[in-house]
Amino acid sequence: MVGVCDNCGNNYDKTFVIRLKNKEFLFDCFECAIHKLAPVCTHCNSKIIGHSIEIDNMTYCCNHCANQEKAHRKSFSNNLPLQFTF
Ligand SMILES: [Zn+2]
Ligand SMILES: [Zn+2]
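Cut-offs and rules
- Residues numbered from 1 in each chain as written.
- Chains lettered and ligands numbered in written order.
- Predicted model: local features only at pLDDT ≥ 70, side-chain atom pairs only at ≥ 80, totals over all residues.
- Helix = DSSP H or I, 4+ residues; strand = E, 2+ residues; numbered from the N terminus.
- Buried ≥ 20, exposed ≤ 12 C-beta atoms within 10 Å, placed from the backbone.
- Contact = placed C-beta atoms within 7 Å.
- Core = buried A, V, L, I, M, F, W, Y, C linked by C-beta atoms within 7 Å.
- Pairing = 2+ DSSP bridges.

Peer 1: Describe in detail the overall build of the protein, supporting the description with residues and values.
Peer 2: From N to C terminus, the protein includes two helices and six strands. For the protein, the succession of helices and strands along the chain, N to C, is β-β-β-β-α-β-β-α. Counting across all 86 residues of the protein, residues that qualify as buried make up 12%. Taking contacts inside the protein between residues at least 6 apart in sequence as the whole, the part at least 24 apart equals 13%.

Peer 1: Summarise the nonpolar core; cite the residues concerned and give the values.
Peer 2: Where a protein is soluble and globular, its nonpolar side chains tend to be buried together. Formed by Cys 41, Tyr 60, Cys 61, Cys 65 and Ala 66, the largest nonpolar core amounts to five residues. The contacts of Tyr 60, once residues within four sequence positions are left out, are Cys 41, Thr 42, His 43, Ser 52, Ile 53, Ile 55, Cys 65, Ala 66 and Glu 69.

Peer 1: How would you summarise unusual backbone geometry if you had to cite specific residues and measurements?
Peer 2: Across residues other than glycine, the phi torsion is negative in most instances, and most of the peptide bonds are trans. Of note in this structure, Lys 21 is not a glycine but carries a positive phi near 50°. Examined against the element boundaries, Lys 21 turns out to sit in the loop between strand 3 (16-20) and strand 4 (23-27).

Peer 1: Describe in detail the pairing of strand 3, supporting the description with residues and values.
Peer 2: Here strand 3 lies mainly on the outside; zero of its five residues are buried. Of the pairings in the sheet, the one linking strand 3 to strand 4 comprises five bridges and is antiparallel in character. Counted as the bridge partner of Phe 16 is Phe 27 from strand 4. What sits between the antiparallel neighbours strand 3 and strand 4 is a turn of two residues, in which Lys 21 has the positive phi angle 50°.

Next up, the structure:
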């Protein structure tokens, strides 16, 4: 199928369509599709191209990142009241 890549604008004769939430995207390669559509890990900012983990509406690439972020948020909220103590 001939078309213009939604990510890089390349006019290519072997583009493919990915349908996501009733929207259609056209790409010339998987790299462009990943760049444009893959979710990003909340903790390490990696593109998630395998199965992702969703906790509290946040998306993570693996259990390790989810746990790290949880620990980080916990210590952050624990430290907050201290900063406002006079
Ligand atoms: Zn492209
Ligand atoms: Zn991660």
